[in-house]
Amino acid sequence: MRNIRVIFWRELAAYFSTPLAYVFIVIFLALTGSMTFYLGGFFIRAQADLQGFFGYHPWLYLLLIPAIAMRLWAEERKTGTIEFLMTLPISTTQAVLGKFLAAWTFTGIALGLTFPMWITVNVLGDPDNGVIAASYIGSLFMAGAFLSIGSCISALTKNQVIAFIVASTVCFLFTMSGLDLVLDFFRGWAPESIVEAVASLSFLTHFNSISKGVIDLRDAIYFASLIVFWLYANVIVVDLKKAG
Amino acid sequence: MTDMVTLDGLTKAFGSLLAVDDISMSVGRGEVLGFLGPNGAGKSTTMKMVAGYLTPTAGTAVVCGQDVTRNPVAVKAAIGYLPEGAPTYGDMTVEAFLDFVARIRGFDGAEKARRVAEAVEKVTLHEVLHQSIETLSKGFKRRVGLAQSILHDPEVLILDEPTDGLDPNQKQHVRSLISEMAKDKAIIISTHILEEVEAVCTRAVIIAHGKLLADGTPDDLLARSLSHNAVLIKLDKAAADALAPDLRSLNGVDSVETSESSGVTQLTVLPKDGGSIAVAVSDLVRAKNVDTHELFVDKGTLDDVFRRITQETPAGPAADATDGEGAAHA
């Protein structure tokens, strides 16, 4: 626990010691805002809810989360600090968890800073705050799943750009697997159960049900198991590279 | 003297390339082991395996009773390791970085502050404590890496080229630091600088192409030099011509070489099997009543030994490269 904590604080501080954190937060806030008002039709819908706000999170995350995750391991590999890190008396799992939790917390901070949006709808109308709270939790879980994918892929390369592009693509597939674009590909030949299984892997399906205000155990388990799976793969990738 | 680091058949293969080939040896408390070898000989790979960064293909290393393949975290806790190039987190200040290292090594509060202060003191980092590491000169970066490795006062120190990039004063400082710490630790350093081996190491091993080729004290290794115990005489040409035949027939003398530079002739008298011929030669010179400018005994150079040992090996890539070069010249 202690080792995870020490790694966590170093990593979190590392985000804020470069302009990355500030650039990210500003862009994240600007994009969530503009998407809500222009694409989401916040005023036109004239409803006191944040559907238009949360609806675009999966698409924003697709671009922004791999940008946070790409440095986690690729940068260590590039600068050689991974050799320093992995010869400290910590286990690979502790290093992976510490880094992941720092990135997740950083995303949480950025997400938390969208609170004026929440205040705005409360001023303008009488929204269901339970639904909004559930949506925030769902969004944070989804961000965690994106991050775990990004972290694992970052460990595969020393090139941050490659890490970014590959992670974005994998995240894209996970997001899209609920849409006809992907499902039609399976419908032609696969039995219904496989189509269902692919659809059930979709971020959108699970996120949409959470953002309707229902935190279903299945959705929570989905995101949690996705995070566990990718972080476990992350540990294996780091260890495999040691075996050279 | 107890063994603190034991390598047992340590082997590392990268694909078909055998980087480290079955190296076994041990290092005890109080020893400073110099790890010598040409670039790509497997020095760093060996150190990385002992430090727990790379997993051996076969064999293992035991550090302070802990097996690195079974209990890597315990080994890492017992070792202070300076990786090649001394990588550190450039975005952190020196102080924040050392604070991080102290915390991950399990120190808190006053003890943590004391450890950091001590490490800063030992490698003299006061003046840059609040600067971010990426703004520092190469020498300072190296010292930050060194501070990181000695902060927890480890029983075993593994330093991969600790003086690379330092100026002569800093080199001297690091060497005396190593010598100071040597008495109650086992220290392994790798280096290209052979004078460093003579200055700080109590023992030296030479590896090339992943194989252990020589192991002994610096003096042992010197004795393997061709010119070890050779007697050099500088004198006029006429005297040299008169003296050379007598020297050749002297007992224990293998051969006599003549060379000339700026009007002075030098006779190099090489002994058989590195034996001591100094007394016999100087007696002869006195008996013959020859006027000499200078007469001294060569101890040989590690450079010479290093070149002979590392180039003798019948190895694939390097031998090919030499052949290729020869062909090109021809």
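This text goes with the structure placed above it.
Description of the structure in this document. Only a predicted model underlies this, so the values are computations on that prediction, with no experimental measurement involved.

### Section: a nonpolar patch on the surface
Residue and element names in this part refer to chain A.
And step 1. A cluster of nonpolar side chains, Ile109, Leu113, Phe115, Ile119, Val123 and Leu124, forms an exposed patch at the surface whose accessible area comes to about 570 Å².
And step 2. Top element by residues in the nonpolar patch is helix H9 (residues 115-124). It accounts for four residues.
And step 3. Tracing the backbone shows Leu124 in helix H9.

### Considering the packing of aromatic side chains
And step 1. Scanning the entire structure with this criterion turns up 25 aromatic pairs over all chains.
And step 2. Seen in terms of ring centroids, A:Phe24 and A:Phe106 are 5.4 Å apart; in terms of plane orientation they differ by 50 degrees. Their pairing is tilted. Here A:Phe24 is found in helix H2 (residues 20-39), whereas its partner A:Phe106 is found in helix H8 (residues 92-112), with 82 residues between them in sequence. One exposure class covers both A:Phe24 and A:Phe106, and it is buried.
And step 3. Measuring from ring centre to ring centre gives 6.3 Å for B:Tyr89 and B:Phe97, while their planes differ by 75 degrees; the resulting arrangement is edge-to-face. Of the two residues, B:Tyr89 and B:Phe97, both sit in the buried class.
And step 4. The lysine or arginine in question, A:Arg10, covers the ring of B:Tyr89, its NZ or CZ lying 3.5 Å from the ring centre.
And step 5. In this arrangement the basic side chain of A:Arg10 is found over the ring face of B:Phe100, its NZ or CZ atom lying 6.0 Å from the centre.

### Overview of the interface of chain B and chain A
And step 1. Listed per partner, the contact involves 29 residues of chain B and 25 residues of chain A.
And step 2. Carbon and sulfur atoms make up 60% of the surface buried where chain B meets chain A, a total of about 2,500 Å² over both sides.
And step 3. Among the residues of chain B in contact with chain A, B:Tyr53, B:Tyr89 and B:Ile104 are the three that bury the most area, contributing 30% of the side total.
And step 4. The interface formed by chain B and chain A includes two salt bridges.
And step 5. Notably, a salt bridge pairs B:Lys48 with A:Glu83, separated by 3.8 Å at the nearest N-O pair.
And step 6. Counting every contact that joins chain B to chain A gives eight residue pairs in polar contact (both at pLDDT 80 or more).
And step 7. Those elements that provide at least two residues to the side of chain B that touches chain A are strand S1 (3-14), helix H2 (72-78) and helix H3 (94-104) of chain B.
And step 8. The element contributing the most residues to the side of chain B that touches chain A is H3(B), with five residues.
And step 9. Residue composition of the side of chain B that touches chain A, grouped by class: 17 nonpolar, five polar and seven charged.

Each value, and the rule that gives it
Residues numbered from 1 in each chain as written. Chains lettered and ligands numbered in written order. Predicted model: local features only at pLDDT ≥ 70, side-chain atom pairs only at ≥ 80, totals over all residues. Heavy atoms only, no water. Patch = residues over 30% accessible without salt bridge, like charges linked within 9 Å, V, L, I, M, F, W, Y side chains within 5 Å. Areas by Shrake-Rupley, 256 points an atom, 1.4 Å probe, with all protein chains shown as cover. Salt bridge = Lys/Arg side-chain N within 4 Å of Asp/Glu carboxyl O. Helix = DSSP H or I, 4+ residues; strand = E, 2+ residues; numbered from the N terminus. Phe/Tyr/Trp six-rings, centres within 6.5 Å; stacked < 30°, edge-to-face > 60°. Buried < 20%, exposed > 50% of the residue type's maximum accessible area, 1.4 Å probe, protein only. Lys NZ or Arg CZ within 6 Å of the ring centre and 35° of its normal. Contact = heavy atoms within 4.5 Å. Buried area = accessible area lost by both parts, 1.4 Å probe. Polar contact = N/O pair within 3.5 Å; in protein donor to acceptor, adjacent residues only side chain to side chain. Nonpolar A, V, L, I, M, F, W, Y, C, P; charged D, E, K, R; others polar.

Remember, this is a structural readout, not a statement about activity or role.
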